[in-house]
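# Fold and geometry: a report
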Amino acid sequence: MSKITGNKIKNLEHQIKTAAAGPRALVDGGAGFIGSNLCGHLLAQGYEVFAVDNLITGKIKNISRYSHDQRFHFIEMDINDSEFPETFRNIKINEIYHLACPTGVPNIKKLGEEMINTCSRGTFNVMSLARAHGAGVVYSSSAEVYGQPEETPQSEHYTGNVNPIGPRSAYEEGKRFAESIIKMYADKYGLNAKIVRIFNTYGPGMSLSDQRVMPQFLQSIIRGKKLTIFGDGSQTRTFLYVSDLLSGLELVMKNGKPGEAYNIGGDNQITIKELAELMKKLTGYRLEVEFVPHFIEDHNHRQPAVSKAELLGWRQTVSLEEGLKRMIIANGVKLARPIAIRSVAKDKFTIKESLSTEPMLGAGL
Ligand SMILES: NC(=O)c1ccc[n+]([C@@H]2O[C@H](COP(=O)([O-])OP(=O)(O)OC[C@H]3O[C@@H](n4cnc5c(N)ncnc54)[C@H](O)[C@@H]3O)[C@@H](O)[C@H]2O)c1
């Protein structure tokens, strides 16, 4: 891995020993949860990968597992910096996955300015770089572009219900504006740039300090605290395991139409209360759930219509329960031990979860 930071960023081509054999992908936001998983996925497909990140919500430890790979390069840089496109002028890039954006609902207040900047200035910079190389682009938009949806499931035709001066505006309108930049570049400059509207995605590599619901619940389980639900827990979400998202991003890069948007997400709705119960069941955790008033206006339902992505050949392959088990284990928490119980009536074995009263922590935590 080459790691380039600070004033060494200039004249990148003289400092990076590129491995010219395979295609080259640039992943901005590459040290984040999805970005770091995507870097691994692309390396496995034979790409040389350039991860660009300013570490505002990402972490170096997410990408340290690629440190021995000569085809992986990390460049610590803000994509809002006007020098960003210039930095890569002499390094031919074939594909750009534009993922950079600060995330986390509680961060909207704290990092709203950075969100808006990255979605606007940063996206212009990414597109200018893509244009210079004729690179394909996949932009990571969000289900949040639909705002407080009045129809469920949300298809790509639904234009959304977003309050431009609401509390979530910096993220929601930021993502909407970025989509319009992508669309403009596709139409005006013929760039092969498309949009993926990502619905809640989870999996290993998600930091437990992440403010999103699953890492929050897991963190509470590890610390032996009550699981906190904002609101009454009846709000529904769908969840997608990260490997299924990666295959979607890759398919849209290869086969998606320029200027078009594709929803990628899980298609089974679950309430936040049910999610808490499922995580308790899988870990054998017994503490009660607590309900507190929401600190920000929340969306009641979010569910993607995914038929457009399915036409490209995309399918969800990992169930919520299976994905959660993988995420729980990856964080060093043991699963509740299943016990085989002989059912006399059917003379078959059925599985029941064990009834542990404490969170079972694995090594390393
Ligand atoms: N995880 C989800 O469920 C989900 C849902 C919808 C959309 N998305 C989008 O997918 C993308 C990746 O999300 P994630 O879950 O991996 O979040 P994340 O916060 O882990 O990753 C985002 C990365 O972008 C980096 N970044 C932010 N601003 C930057 C800038 N100006 N220059 C360089 N790097 C910058 C951060 O440091 C971080 O590493 C984001 O754009 C997010 O909005 C994610």
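Conventions we followed
Along each chain, the written sequence defines residue order, and numbers are assigned to residues from 1. Local features in this predicted model are restricted to residues whose pLDDT is 70 or higher, and side-chain atom pairs enter the listing and the counts only when it is 80 or higher, whereas totals over whole chains, interfaces and linings include all residues. For helices the rule is a DSSP run of H or I covering at least 4 residues; for strands it is a run of E covering at least 2, with both sets numbered from the N terminus onward. Three exposure classes are used, all based on how many other C-beta atoms lie within 10 Å of a residue's own C-beta (placed from the backbone): buried at 20 or more, exposed at 12 or fewer, and partly exposed between those limits. Contact between two residues is assigned when their C-beta atoms, built from the backbone, lie within 7 Å. What makes two strands pair is DSSP finding at least two bridges between them. Helix axes use the C-alpha atoms of the stretch in contact, all axes being lines fitted to C-alpha atoms, and the angles between their N-to-C directions lie in the range 0 to 180 degrees. Working definition: the nonpolar core is a set of buried Ala, Val, Leu, Ile, Met, Phe, Trp, Tyr and Cys residues, joined through C-beta atoms within 7 Å. In this analysis a residue is considered near a molecule or strand if the C-beta atom, reconstructed from its backbone, is found within 6 Å of that molecule or strand. Here the nonpolar group is Ala, Val, Leu, Ile, Met, Phe, Trp, Tyr, Cys and Pro; Asp, Glu, Lys and Arg are the charged ones; every other residue, Gly included, is treated as polar. Here the arc refers to the directions that run from the helix axis out to each C-beta atom. For classification purposes, an angle smaller than 35 degrees is called roughly parallel, one larger than 145 roughly antiparallel, one from 65 to 115 roughly perpendicular, and anything else oblique. Classification remark: right-handed applies to a crossover when, strands pointing away from the viewer, the course from the first strand over the helix to the second runs clockwise.

The helix and strand inventory of the protein chain stands at 10 helices and 16 strands. A buried classification covers 42% of the 365 residues belonging to the protein chain. Contacts spanning at least 24 positions in sequence make up 80% of the contacts within the protein chain whose residues lie at least 6 apart.

Looking now at the sheet that holds strand S7 (residues 193-198). Taken in spatial order, the eight strands line up as S1-S4-S3-S2-S5-S6-S7-S12 in an open sheet, and their pairing is parallel. One side of each edge strand has no neighbouring strand; the edge strands of this open sheet are strand S1 (2-4) and strand S12 (261-264). Taken pair by pair, the neighbouring strands of this sheet meet at an average axis angle of 20°, ignoring direction. Summarising the sheet, strand S2 (residues 24-28) and strand S3 (residues 48-53) pair through five bridges and their orientation is parallel. Each residue of the ladder has a partner; that of Arg24, found in S3, is Glu48. Sitting on the sheet, helix H5 (residues 169-189) is in contact with strand S6 (136-142), S7 and S12, with an inclination near 155° to S6.

By size, the foremost hydrophobic cluster in this structure holds 87 residues, and its most contacted members are Val27, Val49, Ala51, Ala130, Val137, Ala193 and Ile264. Sorting elements by how many residues they give to this core places helix H4 (residues 107-133) first, with eight residues. Each residue touching Val27, except ones within four places of it in the same chain, is listed here: Gly35, Leu38, Cys39, Val49, Ala51, Tyr97 and Leu99.

Our focus in this paragraph is unusual backbone geometry. The peptide bond linking Thr152 to Pro153 adopts the cis configuration, its omega dihedral lying at -5°. Along the chain, Pro153 falls in the loop between S6 and H5. Of note, the phi angle at Leu55 is positive, near 65°, even though the residue is not glycine. Tracing the chain through its elements places Leu55 in the loop between S3 and strand S4 (72-76). On the basis of neighbour counts, which here come to 14 C-beta atoms within 10 Å, the residue Leu55 falls in the partly exposed class.

As a further point, take the site of the ligand. Around the ligand there are 29 residues in total, and Gly29, Gly32, Thr57, Gly58 and Cys101 lie nearest to it. When residues of the shell around the ligand are traced back to their parent elements, those giving at least two are helix H2 (33-44), S3, H4 and S6. The element that contributes the greatest number of residues to the shell around the ligand is H2, accounting for three residues. In the shell around the ligand, the residues fall into 12 nonpolar, 14 polar and three charged.

Among all positions of helix H6 (residues 213-223), only Val213, Met214, Phe217, Leu218, Ser220 and Ile221 are buried. Each buried residue of H6 sits inside an arc of 155° when the element is viewed along its axis, so together they form one side. Against the buried residues of H6 lie strand S8 (201-202), strand S9 (227-230), helix H8 (272-283) and helix H10 (320-330). After H6 finishes, the residue Gly224 shows a positive phi value of roughly 70°.

In this section: the packing of H4 against H5. At their nearest, the axes of H4 and H5 sit 9 Å apart, and the two run at 10° to each other. The angle between H4 and H5 places the two elements in the roughly parallel class. Between H4 and H5, the residues in contact are Ile108, Gly112, Met115, Ile116, Cys119, Ser120, Thr123, Phe124, Met127 and Arg131 and Ala170, Tyr171, Gly174, Lys175, Phe177, Ala178, Ile181, Tyr185 and Tyr189, respectively.

This part is about the environment of Arg212. With respect to the element layout, Arg212 can be found in the loop between S8 and H6. Along the chain, Arg212 and Gly104 lie 108 residues apart, while their C-alpha atoms are 6.2 Å from each other.

All right, on to the pairing of S2 then. S2 sits mainly inside the fold: five of its five residues count as buried. Here S2 shows a buried face lined by Arg24, Leu26 and Asp28 and a second buried face lined by Ala25 and Val27. Where the polypeptide runs from S2 across H2 and back to S3, its parallel neighbour, the crossover connection is right-handed. Here S2 runs beside strand S5 (residues 95-98); their pairing, made up of four bridges, is parallel. Across the sheet, the residue bridging to Ala25 is Glu95, located in S5.

No statement about biological role is implied by the geometric values presented.
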